[in-house]
Amino acid sequence: MADVTITVDGKKITAPAGSLLIEVCKSAGIEIPAFCYYPGLSLQAACRMCVVRQEKVPKLQTACTTQIAEGQVFFTDTPEVIQARKATLQMLLGNHPLDCPVCDAGGECELQDMTFKYGAADSFYAEPKNHREEQKWSPVVYFDRPRCILCYRCVRTCSEGMDVFALAVENRGSSSTIVPNVPAKLTPDNLAHLDCEQCGMCIDVCPVGALTSGTYRYKTRPWEMNHVATVCTHCGDGCKTTLGVRSTADGSEIVRGDNRDKSGINSDFLCNKGRYAFDFANSSERITQPLVRQPNGELKAVSWEEALTCVGKKFAELRDTRGGKTIGVIGGNRLTNEEAYLLQKFARSVLHTNNIDHHRTADYVAFAQSLAGTTGRAASLRETLTAPAVLLVGGDPTNQSPATAWNLRSNVRLNGARLYIANTAEIKLRRQASAFLQVAEYGYGALAAFLAGDDSAANIAAPDSAALASFRDAIRSEESLLVLIGNDLRGAELKRLIDFGLTIPGTKFALLADYANSRGAADMGLLPDMLPGYTPIGPIDTQDPSSRIALEYRSPTTPGLDLLEIFEAAETGNLSAFYVVGSNPIARYAVDPATLKNTFVVVQEMFLTETAAIADVVLPAANLYEKSGSVTNSYGDLQQVKKAGDRAGVRSDFETIVRIADKMGADVRKLVPFGPVSNAGGTRADMGQTRGAQSGEADRHAVWLTANNLEPRLSPFDPSAILDEIQRLVPGYEILRLQLLSGNDQHLSPAAAPIRDNAGLVQISNRRDLVLPAGDTLFTSGSLGRYSAILNDLRQFRPRQSLIQIDVQTASD
Amino acid sequence: MSTIANSIFSPELAARFDKLVTLYPVKRSALVPMLLYAQDEVGYVSEAVIQEVAQRLDLFDLDVRSVLSYYSMLRTKPAGKYNVQVCTNISCMLRGGYEILDHCKKKLGIENKQTTPDGQFSLEEVECIGDCCSAPAMQVNYEFHDELTPDKVDEILDQYAAGKILDSTQKDGK
Amino acid sequence: MPRLVSHPDEVIVLKRRFGQGAAKIDRYIELDGYAAVQKAIAQGAEAMPGWIIDTMKSSGLRGRGGAGFPTGMKWSFVPKTSAKPKYVLVNGDESEPGTCKDHLIFREDPHAVIEGAMIAGLAIGAKTGFIYLRGEYRTLLEIMERAVADAYAKGFLGKNIFGSGLDFDIITQTGAGAYEVGEESALMESLEGKRGVPRIRPPFPAVVGLYDGPTIINNAETIANVPHILLMGGEAYAALGTERNGGTRLFGISGHVERPGVYELPMGYSLRRAIYEVAGGVRGGKQLKAVVPGGASCPVLRADEIDIGLDFDQLAKAGSMLGSGGIVVLDETVSIVEFALRTIQFYQHESCGWCIPCREGTDWIKKTLTRVYEGGGAKKDIDTVQYIAENMMGRTFCPFGDAAAMPTLGFVKKFRKEFEDYIEGKKAGTALMPEERDLIGVGH
Ligand SMILES: Cc1cc2nc3c(=O)[nH]c(=O)nc-3n(C[C@H](O)[C@H](O)[C@H](O)COP(=O)(O)O)c2cc1C
Ligand code: SF4
Ligand code: FES
């Protein structure tokens, strides 16, 4: 739309014609109050708080529905306008309980703020207020009806935003009330309930304290918490979340997760796991003391010193006697990038083994290699909100990547994006799809081939060949495409799909994985045959820049064993030690614990998982909410992780790895290049002095920190020292530190080296499939989910009609 | 043939609904009439009615509840066989609407929104029913009775009790 | 059933077929039925729409639903071409207290509504008309349904109506008890199977209405007038009324008069004469106290304000409204405090609840007036009521808020003294509400 100029309170403002006055004013710094208006949701004009005076128009106009046109003149703060708002507030407060002192929203309440601003507190109503009991709609959603101001934000976010339709208005007039979808008379306990995805978006958008969260209510006051912006640990979308933290006797406790500042890649969104399932951190089943197995077979709590000494001695001994090649290492996909990087560096340079892997939830190796040599082809999560056309092959974002699903729905709703879905299952997102293609079982490979032009693949790809053909036509007619790929596709199938997509100019890709840092684990080289940045392991060539990491590590130059081979080695007695950091492969891969009976097993864990239970030493670990660093989501969006909670007795995996290395007698300064180089590498390094590559990464970091008025923390346990090294050595991680530290996400493309000697994909094509999607839903989260009491509680409230709710709500809605 | 297996409605009503949903550009338009006609047959909008209507219109039950609770003629509890609705709005009030209401209470021995123990009559005070120029007025089921006096009310209610006045829905043999 | 009344002062246009069995299609045809639509079609496909709209414009007919918007002009706002189907919507929700004129039309002359809707359809190029009746009008709905079926049976409705090559269908629809659904956009929501909550405007129905198609919505009386106007000619119709207020309209006179009833009087007819001559004067020879001139939403007139002509402009000038033409007459025995309370009870009960000023405002006025009525009032309560009502005016989502606030303001401003006296224990009039009374409760 062409720009027009309007005048607001005497100020000229230029904006596109047809923009909403309320938004135009906001951008110009003119605040217009509103309860019912909520960006991105349908317009209501119900609260009448946004009224303004428009020149030559008889009645006050609502800014939330006024579309601007050339030459209009508005006044937003005349006595008349202020009186109108004040009276509306007075009417509203007439029946409001005014129980602010005990209300969860106290201090964060839009009604409170407005009442203060318009001085409407002097109520002259003498009538008794309508009292109603608070209702518990689910373990996480409580409704306090008298507090509700009927702005309908919750109803809209549930229907328009979530596509769930679990809330509605019942009755009319002053009896109107918000109700959930299971009425009291249909429940055994005679109370109304919510049958929904339990995302809690309704609570987030509620401007007052009418909807409150079961995990937070009556626990604390907003101003008594610390608010820590960090990244959710659960799925691969990596939503930014703000954790509310309160001090406790043995550390600090997270009491709330929300996303009210909307500053992250997830904009408005947070799902039930992000919002509530941080309580695993407070679980009484947390391991808070190191455990060492005694000759009688029992695990006994010991001091950290004792446990670390034991591990260090044993690792060194086994490496020196049986060789690094007999040691296996498995890292987790909820570690920070710094930890994952450090772990593989420790494995390769201290344990002298390339037998390192992780539970791969998506085939990022094939993904990176398929995109090798291209630029700008990897999509950010943000683009799922803006791309004009999206092809989703495989996966079920509603369940597995809820923020992706939210963005796709919003994109279709607000921007009219075209969503093409090809799936073997009738996933819920097809309700937003302009075309849904039912893919035959195991048909993704054939589908990719068909899309690329191989018509002979048609009958394997999809049962309906006509639908298939028109699906391909529709996709090919798009000028640019965002291709989202579920983790069902891997190896050659994945490559074929990407190769096809690359033929459409402007196409971008993303591969959806599970867990907060699956992508980071792969990027950081928790792989037996690749160094960080998908750098293949092979003979060192001093001239080849891709040998840079290997040159610095001086690690073995032949690929190691992958996860499955490590267990095979154990079975044949060739695994002397097994080091697991934040992973549960015994349960995940259904490994017989007896396989490891002759192996020295060290596990860093929060809980006594199946894997921890068979360990010789268990080292209590902090979780992602209790440490700092960075993670990379499925899309390659890098974000900063900040420490929120704390638990006495546990340590970050980063610290534990460093301490083990130290106990093994390794040079910790080589492992973590921290501190002034005078100590680390011999050269005198004053801060600010330029140095060679290896002369103390942490120092460089310290310079940067000082320059930005931040406190340099020079210690071997400071992940930023490793981040410096990642930044310097890992292809694709040329990051902007200020961006990261100021809480912004930045998008990274995988920068795999071109495949050498036309060798094809480095692995997988002729080996077993190592990719094992977690298959998580909204109500599970790998091994972690088991320890979240709230998630287990909520599972009983998950939508009974399943998430697949179809053929309801016609286009007229 | 009804498109819904095991409809809770009579075959005639089910057939009528089958047709009703095809009448409008958007089938949801049939919602309010369907609820009203279902209420006429079942006596009130029961859970079973809500569910079948939702199913027929591809709506969530919640949608149906949200809509039905808006309209004051739709009720979710049974009423008497004869639902006596007395208007007390301005025109009727001026000409004795409250007197008529009080008289009905005494005559039937029930209060507003109650049903006689034998289930024959229920009583409701209602807003203007559009018979102001012949006030005071009331409706029994859908039938208008106006220019009422207590004596006339006695006569009318007695006739209903004796089964003499049929309401128009019954008249047509529906 | 409302009784048919007559008076020599009446000027009969719309009531011409009343009491003559015109609900039967053959009788309707005998009485010039379906002649108007044929006359329109005889203009030829090209000229017809313009001819109809011009005739309507020249008739000076203004909407009988309440707002009095010129009908011909409304029809001319509909875009000539539209990607979405266009619709004609007849508003037969008639729920304004004091109004029962559409009731009579549906009963006595249902085919006039059908024929009027057909003509409206021809004028704007709509192929479908909806006739929406309030739920309480079930017996009338059945009469309408019968009439529609008869018109189809004769081939008047459906394909190629009267050989014009144009199609027109009519669907009848029922509400289920909600005053607010009479508001045009709420009515469209209701017809689409939703809660009767009004829509944001713009866009206006003429551009985006029912099922998002361009829609004209008119009151049943407005529509029933159309065939008569086409037959008699626009100018002739206009000449019956006053300037800018063409023709006649149905006035329902109720309350304390000797001969209540629905009378057809020319626009501009004297209110005093309507009460004292047409309706036979105040019942029992009592003194007149006040008149609500156009349905419950219109500000009250004191007895000394009735020397006024009944048309939209004159009543607006007097600070009230002609509204739906429901004249409610109050004699000296009425307590204005009680009458005001009963009026706001209605609005509180019928507010859709969508927007704050209306939902909360009607509730608080009702609560405050109830306390005053029950003897617990203080003088500042009158100010409170006035303050709330003034702050509802023009601030709500739809005109309902005004409809609730205006009469309230009328009562407290024009009869402030009576309120003050009441609060001091000097009650005027005889209570009509019983002491033990239920306030009608909404919801289930
Ligand atoms: C609260 C409210 C209730 C209304 N009720 C009715 C009604 O019952 N019947 C009616 O014809 N118009 C009613 N109207 C007016 C309609 O909105 C609309 O103006 C009218 O149907 C247009 O028709 P007309 O131009 O023929 O008058 C109501 C308006 C409001 C604001
Ligand atoms: S109703 Fe309201 S908030 Fe809501 S924004 Fe508008 S009018 Fe404004
Ligand atoms: S006031 Fe009673 S029918 Fe109108």
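You'll find the structure just up there.
Since this is a predicted model, take the numbers as computed values, not measurements.

Enquirer: Let's hear about empty space enclosed by the protein: which residues, and what values?
Expert: Tallying each qualifying case throughout the model produces 16 cavities of 30 Å³ or more. Each pocket or cavity is described by its volume, and for the largest cavity that value is around 350 Å³. Lining the largest cavity are 26 residues; nearest its centre among them are A:Arg334, A:Gly582, A:Ser583, A:Glu605 and A:Leu784. The element best represented in the lining of the largest cavity is helix α27 (residues 782-785) of chain A, accounting for 3 residues. Of the residues in the lining of the largest cavity, the class split is 10 nonpolar, 11 polar and 5 charged. Looking at the second largest cavity, its volume works out to about 250 Å³. What lines the second largest cavity is a set of 18 residues, and nearest its centre among them are A:Asn95, A:Arg145, A:Cys148, A:Ser174 and C:Glu360. Only β9 (177-180) of chain A together with α14 (356-376) of chain C provide two or more residues apiece to the lining of the second largest cavity. By residue class, the composition of the lining of the second largest cavity is 7 nonpolar, 6 polar and 5 charged.

Enquirer: Now, about the packing of helix α12 (residues 444-451) of chain A against helix α15 (residues 491-502) of chain A: what can you tell me, with residues and values included?
Expert: All names here are of chain A. The geometry of α12 relative to α15 is characterised by a closest axis approach of 8 Å and an angle of 25° between their N-to-C directions. Accordingly, the angle class assigned to the pair α12 and α15 is roughly parallel. Two packed elements cross with a definite hand, and for α12 against α15 that hand is left-handed. Packed against α12, whose contacting residues are Tyr444, Gly445, Ala448, Ala449 and Leu451, the element α15 presents Glu493, Arg496, Leu497 and Phe500 at the interface. Taken together, the residues of the contact of α12 with α15 break down into 6 nonpolar, 1 polar and 2 charged.

Enquirer: Go over the site of ligand 1 with me, naming the residues and quoting the values.
Expert: Residues and elements named next belong to chain C. Within the structure, ligand 1 sits among 20 residues, and Gly65, Asn91, Asn218, Asn219 and Thr222 are positioned closest to it. Separating an oxygen atom of ligand 1 from a backbone N or O atom of Ser95 is a distance of 3.4 Å. Against a free-state accessible area of 600 Å², the protein chains account for coverage of 90% of ligand 1. Per-element accounting of the shell around ligand 1 gives the leading share, 3 residues, to strand β4 (residues 215-219). Here the shell around ligand 1 is composed, by residue class, of 4 nonpolar, 9 polar and 7 charged.

Enquirer: Describe helix α2 (residues 79-94) of chain A, listing the residues and the values that go with them.
Expert: For α2(A), which comprises 16 residues, the first-to-last C-alpha distance of 22 Å matches the rise-based estimate of 22 Å (1.5 Å per residue) to within 8%. Residues of α2(A) that are buried include every one of A:Val81, A:Ala84, A:Arg85, A:Ala87, A:Thr88, A:Leu89, A:Gln90, A:Met91, A:Leu92, A:Leu93 and A:Gly94, and no others. Elements that come into contact with the buried residues of α2(A) comprise β3 (51-54), β5 (73-75) and α3 (110-118) of chain A together with α14 and α15 (379-392) of chain C.

Enquirer: Lay out the site of ligand 2 in plain terms, naming residues and giving numbers.
Expert: Ligand 2 sits among A:Ala34, A:Phe35, A:Cys36, A:Tyr37, A:Ala45, A:Ala46, A:Cys47, A:Arg48, A:Met49, A:Cys50, A:Thr62 and A:Cys64. Taken together, the residues that form the shell around ligand 2 break down as 10 nonpolar, 1 polar and 1 charged.

Enquirer: Could you give an account of helix α7 (residues 150-161) of chain B, naming the residues involved and the relevant values?
Expert: All names here are of chain B. Its 12 residues give α7 an end-to-end C-alpha distance of 16 Å, which sits within 8% of 16 Å, the value for a rise of 1.5 Å per residue. Among all positions of α7, only Val153, Ile156, Leu157 and Tyr160 are buried. Here the buried residues of α7 occupy an arc of 95° about the axis, which is enough to place them on one side. Opposite its buried face, α7 presents the exposed residues Asp151 and Glu155, each directed more than 90 degrees away. Looking at the buried side of α7, the elements it contacts are β1 (82-87), α6 (97-108), β2 (121-126), β3 (138-140) and β4 (143-145). Gly163, located one to two residues past α7, shows a positive phi value of around 75°.

Enquirer: Which residues make up the interface of chain C and chain A, and what values do they have?
Expert: Interface size is commonly expressed as the accessible area that is lost once the parts come together. Contacts between the two partners involve 37 residues from chain C, matched on the other side by 38 residues from chain A. Carbon and sulfur atoms supply 54% of the area that chain C and chain A bury against each other, a total of about 3,200 Å² over both sides. Of all residues in chain C, C:Trp354, C:Ile356 and C:Trp364 bury the most surface against chain A, accounting for 22% of the area lost on that side. At the junction of chain C with chain A, the criterion picks out 2 salt bridges. A salt bridge links A:Lys59 to C:Asp402, with the nearest nitrogen and oxygen atoms 3.4 Å apart. Counting the contacts that link chain C with chain A gives 20 residue pairs in polar contact (both at pLDDT 80 or more). Going through the elements one at a time, α13 (336-350), α14 and α15 of chain C are the ones with two or more residues in the side of chain C that touches chain A. For the side of chain C that touches chain A, the element with the most residues is α14(C), which contributes 10 residues.

Thresholds, definitions, all that
Residues numbered from 1 in each chain as written. Chains lettered and ligands numbered in written order. Predicted model: local features only at pLDDT ≥ 70, side-chain atom pairs only at ≥ 80, totals over all residues. Heavy atoms only, no water. 1 Å grid on protein atoms, 1.4 Å probe; cavity = no way out; pocket = protein on both sides within 12 Å on 5 of 7 lines; lining within 4 Å. Points joined across faces, edges and corners; volume = space filled by probe spheres on them. Helix = DSSP H or I, 4+ residues; strand = E, 2+ residues; numbered from the N terminus. Nonpolar A, V, L, I, M, F, W, Y, C, P; charged D, E, K, R; others polar. Axes fitted to C-alpha atoms, helices over the stretch in contact; angles between N-to-C directions. Parallel < 35°, antiparallel > 145°, perpendicular 65-115°, else oblique. Left-handed = near helix turned anticlockwise from the far one by under 90°. Contact = heavy atoms within 4.5 Å. Near = heavy atom within 4 Å. Polar contact = N/O pair within 3.5 Å; in protein donor to acceptor, adjacent residues only side chain to side chain. Areas by Shrake-Rupley, 256 points an atom, 1.4 Å probe, with all protein chains shown as cover. Expected span 1.5 Å × (residues − 1). Buried < 20%, exposed > 50% of the residue type's maximum accessible area, 1.4 Å probe, protein only. Arc of directions from axis to C-beta. Buried area = accessible area lost by both parts, 1.4 Å probe. Salt bridge = Lys/Arg side-chain N within 4 Å of Asp/Glu carboxyl O.

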